[in-house]
Amino acid sequence: MQKLSVTMETSCCRMDDGMKIQLVSAIHLQEVELQDKPADKQQGSDKADQTFTVEDAVETIGFGRFHILLFVIMGSSNIVEAMEIMLLAVVSPEIRCEWRLDDWQVALVSTMVFLGFMVCGVLGGYVADRYGRWKVVFGGFIWSAYFSLLTSFAPSYGWFIFLRSMVGCGVAGVSQGFVLKTEFIPAKHRAFLLPLATIFWMTGSMLIIILGMLVVPTLGWRWMIRISVTPSVVLIFLFKFIPESARYNVSAGNVDAAVQTLQRIARMNRSSLPPGRLVEPAVTERGSWRTLLNSSFRRTSILLWYSWFVASFSYYGSVLSSSELLEKNLLCVTNPDREHQVKHRHEDGLCYCIPFAFDDYQTLLISCLGEIALVPLNIGLLNIFGRKMSLTVLQLIAAIFFMLINICTTMFGFTVLLFLLRSLVSMNFNVVYIYTAEVYPTSARSLGMGFCTSFSRIGGMIAPFIAQVLMSRSVFLALSPFSVACLLCALGNFLLPIETRGRALLVRNASPSTF
């Protein structure tokens, strides 16, 4: 019994010692935790204090799969726009023949399309800055596809020009897709990716010419228009994969939507957002024309409006001039074949029905290839010399080539001249698009683009009356205004006060010293 008692006392002492050791360990662990917690809170506090902007997020995420999807879908919108505009050059001989139209009536068709574009360009820009880019572009797809389809059922010339003006209004909305696309692309990739969008415009131009070549001689121009609506219908369904601009959402105060969009892009690109939280103050004055004419942007806006006027004037002047020269056989060709000896204007009156020959379609196709032939040169100019100098050089050379069209040469020589001219005016149009999207702040970017595209459509409205009406009387007099306009525009581009190469996109208005 005594032995058992001693054993129990020893066990109790050991248990007490073990409990003491556990108790001391627990107290020590608690002290360590208490010491660590302030540090953890400090780290969490530092992380919470970190902030980033949309520009930081776009640059951090970088280029990836989302941008490829964006490039393909939004680039395809250029296919739709090009098909609707180039359709005018292909369908002109057919409606002239069907409704016995004079030159001014054919020119009025193009003018009405650009009138619709001009009116809805400013309206679309305002709506895009106030209510979002996505809604305007998507609505433009539906609007242009619907009225383009109705055009194919036009019973008369009056209905035809009215419906085409409605198509122009829809295309104005589609053109806002360039702003939406630009706002997602990192700064160092814009000079490379945005010029490549010319490929899609060229594709649309070539598609409508090929449709004209295959469908018009057999089924007629009405079926050509119906088939040409197909890309718009396809894009309506694909456009759901493109989100609203994060820059717009932030400017509208919808930060949560912007974060969700940026997180989605980061996941697709297998990247991540910068540490911290997205912080940018909302912009109360969005879509205000006063921003375009304040002290920071007044000179830029005025010069840009003229630059856009000339960009459209010269581009559509080259397109419609080539169509008229081929249709009416007005070229000074040293080796004309029998088809090119048939003239539009005779002593007895006008010959209304001179359809495009296969060679004419072929020449138009080759000239369309000129729109991408010099894209590598365009990218080099943008990255080495910047936007301003690129615009200046391109307009100067275009002025020279407009006058070279007057010389007598072979059909092959004319095709080469037309090829190079289309390259130059297309490159210029592309650069002025890029510059405009980069120079204005997010609060007025779409409105600025809308104003610029509206001024460009004034050039598009005037171009048909020179290229399609004056051309019948004098090729030299018709081409001279395009050359002079390009020359003056080159001087204006040189005087632009802001260079945007490598510059981050502005969120709101900045003081002149920023530049």
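As recorded by an unreviewed UniProt entry, the protein chain carries the name SVOP-like and is attributed to Acanthochromis polyacanthus. We quote the UniProt Sequence similarities (unreviewed entry) comment for the protein chain here in full: "Belongs to the major facilitator superfamily." Looking at the Subcellular location (unreviewed entry) heading of the UniProt record, one finds this comment for the protein chain: "Membrane".

Draft legend 1. Here's a closer look at the overall build of the protein chain. Broken down by element type, the protein chain carries 21 helices and 4 strands. Across the 515 residues in the protein chain, those meeting the buried criterion constitute 56%. Taking contacts inside the protein chain between residues at least 6 apart in sequence as the whole, the part at least 24 apart equals 85%. In the form shown here, the protein chain has an accessible surface area of approximately 21900 Å², with 67% of it arising from carbon and sulfur atoms.

Draft legend 2. Geometry of helix 18 (residues 386-404). If you check helix 18, its first and last C-alpha atoms are 28 Å apart, about what 19 residues at 1.5 Å a residue would give, namely 27 Å. When helix 18 is considered as a whole, its buried residues turn out to be Gly386, Arg387, Ser390, Leu391, Thr392, Leu394, Gln395, Ala398, Ala399, Phe401 and Phe402.

Draft legend 3. Structural context of the state of the cysteines. Per the stated rule, a full pass over the model turns up 1 disulfide. There is a disulfide in this structure between Cys120 and Cys169, and the S-S distance comes to 1.7 Å. Torsion about the S-S bond of the Cys120 and Cys169 cystine: about -80 degrees, corresponding to left-handed handedness. Of this pair, Cys120 sits in helix 4 (residues 103-131) while Cys169 sits in helix 6 (residues 157-174), and the two are 49 residues apart along the sequence. Here Cys169 falls in the buried class, since its relative accessible area comes to 17%. Not part of a disulfide, Cys486 finds its nearest cysteine sulfur in Cys489, a span of 7.1 Å. Owing to a relative accessible area of 0%, Cys486 belongs among the buried residues under this scheme.

Draft legend 4. Examining the layout of surface pockets more closely. Reported here for the largest pocket is a volume of approximately 210 Å³. Cys120, Leu123, Gly124, Val127, Val136, Gly139, Gly140, Trp143, Cys169, Gly170, Ala172 and Gly173 together form the lining of the largest pocket. Those elements that place two or more of their residues in the lining of the largest pocket are helix 4, helix 5 (133-151) and helix 6. In the lining of the largest pocket, the residues fall into 7 nonpolar, 5 polar and no charged.

Draft legend 5. Summary view of the packing of aromatic side chains. Overall, the coordinates contain 27 aromatic pairs when judged by the stated rule. Centroid distance Phe309 to Phe313: 5.7 Å. Interplanar angle 10 degrees. Geometry classified as stacked. Here Phe313 and Phe309 lie together in helix 15 (residues 298-327), a separation of 4 residues that amounts to about one turn. The pair formed by Phe309 and Phe313 is uniform in burial state, with each residue classed as buried. Each ring, one from Tyr315 and one from Tyr316, has its centre 5.0 Å from the other, and the planes form 90 degrees; the classification is edge-to-face. Across the pair, exposure class does not vary: Tyr315 and Tyr316 are buried alike.

Draft legend 6. Summary view of the environment of Thr300. Position of Thr300 relative to the elements: it lies in helix 15. When its relative accessible area of 0% is taken as the criterion, Thr300 is described as buried. Thr300 has contacts with Tyr435, Val439, Leu496, Pro497 and Ile498, leaving out every residue within four places of it along the chain.

Draft legend 7. Quick peek at the packing of helix 4 against helix 6. Direction vectors running N to C along helix 4 and helix 6 enclose 35 degrees, while the axes themselves pass 7 Å from each other. Here the hand of the crossing between helix 4 and helix 6 comes out right-handed. Facing helix 4, whose interface residues are Gln105, Leu108, Val109, Met112, Val113, Gly116, Phe117, Cys120 and Gly121, helix 6 presents Tyr157, Phe160, Ile161, Arg164, Ser165, Gly168, Cys169, Val171 and Ala172. Residue classes in the contact of helix 4 with helix 6 are distributed as 12 nonpolar, 5 polar and 1 charged.

Draft legend 8. Looking closely at a nonpolar patch on the surface. A cluster of nonpolar side chains, Ile384, Phe385, Met389, Leu491, Phe494 and Leu495, forms an exposed patch at the surface whose accessible area comes to about 610 Å². With respect to the secondary-structure elements, Phe494 resides in helix 21 (residues 475-494).

Draft legend 9. How the structure looks around empty space enclosed by the protein. The final tally for this structure, using the stated rule, is 6 cavities of 30 Å³ or more. Estimates place the volume of the largest cavity at around 280 Å³. Elements supplying a minimum of two residues to the lining of the largest cavity: helix 3 (65-99), helix 7 (177-182), helix 9 (198-215), helix 15 and helix 19 (411-439). Broken down by class, the residue content of the lining of the largest cavity amounts to 9 nonpolar, 7 polar and 4 charged. Residue-level mapping places the lining of the largest cavity at the junction of two domains, with at least three residues from each of domain 1 (49-278) and domain 2 (290-341 + 354-502).

Draft legend 10. Expanded view of the nonpolar core. Counting residues in hydrophobic clusters, the biggest one holds 141 residues, and the most contacted among them are Phe160, Ile209 and Met224. Examining the composition of this core, we find that 18 residues originate from one element, helix 3, more than from any other. Shared between two domains, this core holds at least three residues of each, these being domain 1 (49-278) and domain 2 (290-341 + 354-502). Sequence-distant contacts of Met224, defined by excluding residues within four places in its chain, comprise Leu87, Val90, Val91, Ile208, Leu211, Gly212, Val215 and Val216.

Draft legend 11. Region of the structure containing unusual backbone geometry. Even without being glycine, Arg100 reaches a positive phi, approximately 50 degrees. Assignment of secondary structure puts Arg100 in the loop between helix 3 and helix 4. According to the relative accessible area criterion, Arg100 is partly exposed, its value standing at 47%. Of note in the backbone geometry, Arg270 takes a positive phi value of approximately 55 degrees without being a glycine. With respect to the secondary-structure elements, Arg270 resides in the loop between helix 13 (255-268) and strand 2 (277-278). Looking at Arg270, the relative accessible area reads 69%, which means it is exposed.

Conventions and cut-offs
- Residues numbered from 1 in each chain as written.
- Predicted model: local features only at pLDDT ≥ 70, side-chain atom pairs only at ≥ 80, totals over all residues.
- Heavy atoms only, no water.
- UniProt positions renumbered as here; feature names shortened; annotations may be inferred.
- Helix = DSSP H or I, 4+ residues; strand = E, 2+ residues; numbered from the N terminus.
- Buried < 20%, exposed > 50% of the residue type's maximum accessible area, 1.4 Å probe, protein only.
- Contact = heavy atoms within 4.5 Å.
- Areas by Shrake-Rupley, 256 points an atom, 1.4 Å probe, with all protein chains shown as cover.
- Expected span 1.5 Å × (residues − 1).
- Disulfide = S-S within 2.5 Å.
- 1 Å grid on protein atoms, 1.4 Å probe; cavity = no way out; pocket = protein on both sides within 12 Å on 5 of 7 lines; lining within 4 Å.
- Points joined across faces, edges and corners; volume = space filled by probe spheres on them.
- Nonpolar A, V, L, I, M, F, W, Y, C, P; charged D, E, K, R; others polar.
- Phe/Tyr/Trp six-rings, centres within 6.5 Å; stacked < 30°, edge-to-face > 60°.
- Axes fitted to C-alpha atoms, helices over the stretch in contact; angles between N-to-C directions.
- Left-handed = near helix turned anticlockwise from the far one by under 90°.
- Patch = residues over 30% accessible without salt bridge, like charges linked within 9 Å, V, L, I, M, F, W, Y side chains within 5 Å.
- Salt bridge = Lys/Arg side-chain N within 4 Å of Asp/Glu carboxyl O.
- Domains from an automatic or database assignment.
- Core = buried A, V, L, I, M, F, W, Y, C linked by side-chain atoms within 4.5 Å.

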